[in-house]
Amino acid sequence: MRTQYDVILVGAGLANGLIALRLRQLQPQLKCLLLESDAHPAGNHTWSFHHSDLSAEQLRWLQPLITVRWSGYQVRFPALRRNLDGDYCSIASGDFARHLYAAMGDDLWTNTAVQQVKPTQVTLADGRELAAQVVIDGRGLQPTPHLQLGYQVFLGQEWQLAQPHGLQQPILMDATVDQQAGYRFVYTLPLSADRLLIEDTHYVNQPALAENTARQHIADYANQQGWTLSTLLREEHGILPITLSGNIDRFWQQQRGQACSGLRAGLFHATTGYSLPSAVALAELVAALLPTDALTLSQHIERFARQQWREQRFFRLLNRMLFLAGKPQQRWRVMQRFYRLDAGLISRFYAGQLRLRDKTRILCGKPPVPIGEALRALLNSVEPGKKK
């Protein structure tokens, strides 16, 4: 059986979910189908971003999706504790899923396994074939030899506490904890007066995390902070790619003309792993382009992703210094030095909008890693495809 759609979105995660919502807002006449292999869309995640990462118009249409917003945030290091201004926001996957159900109705198919994806066709595991003017693959980063990656791995637990925790702001990084085999910090979001999301987070060379150890880390950290954990509400896991270098030409040749989104298109902040700002911008791009043919859409998405790749060259250089220069358990020194810098620079860093003088300021002075290893990371900066 073949059914014709204007657009089929394979994978109901953040990127494709935002595309679906933006199409419903701006192009409600299009026949759009959203497919998800799991029982529910949006998975089990918390997506966060800084207010300054987005434009006023982007914030306007994203506002209904925001679960919680805070004024300012904290970072903590062995020799630095700092509060920074600027709104910080999070979207819980449960809230995001409710918006997708409401907007998509019968055009959201869950428990739908996909066997094959092509630019204008999707074959389901049960043999059905679905045809569309365009198909967008948003099923996450596929294995590739064309990107050199480090990883941000984490385990997060949302806890109901026995008493109020007293936090007024998120703690984006508490790196005063034992560093172990790489840069480690605890990330804490105060979701209500007596509810916290606590994540044990590691920047490491391999995409693996000892989950039981991470759970014990969270319990130990809560005890150190004087928080009495009462009821575990949920648990989430994550492996975010951190790009060190790569061949962007071969990465896109691997896509074979398939329109894709999110991590599958390499659309994430190279250093922080945050993907929401890129997903918002891509949703706007797709909504402006459709209806169009599959080749045109794929070319525009590739052009958009290549532009972000060029803009993030400096971030990949910093990542090489973080991962390749110095001992893993001393990586926190790089981040502590960074968070001593001007607040405006830090805001522009998260937004991926560093100016030339920002880059100079980040690199000037004595590096917090061995000078020889820092120089090798700096000199190893030429990447194939950088002019594309």
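Only a predicted model underlies this, so the values are computations on that prediction, with no experimental measurement involved.

About the criteria used
- Residues numbered from 1 in each chain as written.
- Predicted model: local features only at pLDDT ≥ 70, side-chain atom pairs only at ≥ 80, totals over all residues.
- Heavy atoms only, no water.
- Helix = DSSP H or I, 4+ residues; strand = E, 2+ residues; numbered from the N terminus.
- Buried < 20%, exposed > 50% of the residue type's maximum accessible area, 1.4 Å probe, protein only.
- Areas by Shrake-Rupley, 256 points an atom, 1.4 Å probe, with all protein chains shown as cover.
- Lys, Arg positive; Asp, Glu negative; His and termini not counted.
- Charge placed at Lys NZ, Arg CZ, Asp CG, Glu CD.
- Salt bridge = Lys/Arg side-chain N within 4 Å of Asp/Glu carboxyl O.
- Pairing = 2+ DSSP bridges.
- Axes fitted to C-alpha atoms, helices over the stretch in contact; angles between N-to-C directions.
- Core = buried A, V, L, I, M, F, W, Y, C linked by side-chain atoms within 4.5 Å.
- Domains from an automatic or database assignment.
- Contact = heavy atoms within 4.5 Å.
- Buried area = accessible area lost by both parts, 1.4 Å probe.
- Polar contact = N/O pair within 3.5 Å; in protein donor to acceptor, adjacent residues only side chain to side chain.

Caption draft 1: Quick look at the overall build of the protein chain. Within the protein chain one finds 12 helices and 14 strands. Counting only residues that meet the buried cut, the protein chain has 54% of its 388 residues in that class. Counting every atom, the protein chain has about 16,700 Å² of accessible surface; 50% of that belongs to carbon and sulfur. Of the charged side chains in the protein chain, 41 are positive and 32 negative; the average position of the first set lies 10 Å away from that of the second.

Caption draft 2: Summary view of the pattern of salt bridges. Inspection of every chain in the model, using the stated rule, returns 18 salt bridges. Residue arginine 348 pairs with aspartate 358 through a salt bridge whose shortest N-O separation is 2.7 Å. Taken together, the residues arginine 348 in helix α10 (residues 343–351) and aspartate 358 in helix α11 (residues 356–363) connect sequence positions 10 residues apart. Judged by its relative accessible area of 3%, aspartate 358 is buried. Taken together, the salt bridges that share partners define one network made up of Glu158, Arg195, Arg234 and Glu236.

Caption draft 3: Quick look at the sheet that holds strand β13 (residues 195–204). In space, the 8 strands of this open sheet follow the order β3-β5-β4-β11-β12-β13-β10-β14, with mixed pairing throughout. Because the sheet does not close on itself, it has two edges, and the strands there are β3 (46–50) and β14 (229–246). Strand-to-strand twist in this sheet, taken as the mean axis angle between neighbours without regard to direction, amounts to 25°. Here strand β10 (residues 147–161) runs beside β13; their pairing, made up of 10 bridges, is antiparallel.

Caption draft 4: Fine view of the nonpolar core. In this structure, Leu18, Phe49, Leu62, Ile91, Phe96 and Leu276 are the most contacted members of the largest nonpolar core, which totals 58 residues. Here this core gets 8 residues from one element, more than from any other, and that element is helix α6 (residues 276–289). Of the residues that make up this core, three or more belong to each of domain 1 (5–69 + 88–144 + 246–312) and domain 2 (147–242). Among all residues touching leucine 18, those that are not within four sequence positions of it are Trp61, Leu62, Leu65, Phe96, Ala279, Val280 and Ala283. With 38 residues, the next largest nonpolar core counts Trp70, Phe77, Leu80 and Ile346 among its residues.

Caption draft 5: Spatial organisation of the side chain of arginine 82. Position of arginine 82 relative to the elements: it lies in strand β5 (residues 80–92). Aspartate 342 provides the closest opposite charge to the buried, salt-bridge-free arginine 82, at an N-O distance of 6.1 Å. Setting aside residues no more than four positions away along its own chain, arginine 82 makes contact with Tyr73, Gln74, Val75, Tyr339, Arg340, Leu341, Asp342, Ala343 and Ile346.

Caption draft 6: Just the pairing of strand β9 (residues 129–137), in detail. Counting buried residues in β9 gives 7 out of 9 residues, a clear majority hidden from the surface. Two strands pair when backbone bridges link them, and strand β8 (residues 121–124) and β9 are joined in this way by 3 bridges, in the antiparallel orientation. Each residue of the ladder has a partner; that of threonine 123, found in β9, is glutamate 129. Between β8 and β9, which follow one another and run antiparallel, lie 4 residues, and glycine 127 among them has a positive phi close to 95°.

Caption draft 7: Fine view of the domain arrangement of the protein chain. Considered domain by domain, the protein chain is made up of domain 1 (5–69 + 88–144 + 246–312), domain 2 (147–242) and domain 3 (313–380). In this structure, domain 2 and domain 3 have C-alpha centres spaced 24 Å apart. Taken together, the 13 residues of domain 2 in the interface contact 10 residues of domain 3. Roughly 940 Å² of surface becomes buried between domain 2 and domain 3 when both sides are summed, with 68% attributable to carbon and sulfur atoms. Along the contact surface separating domain 2 from domain 3 lie 0 salt bridges. There are 2 residue pairs in polar contact (both at pLDDT 80 or more) connecting domain 2 and domain 3. Elements that contribute at least two residues to the side of domain 2 that touches domain 3 include exactly β10, β11 (171–174) and β13.

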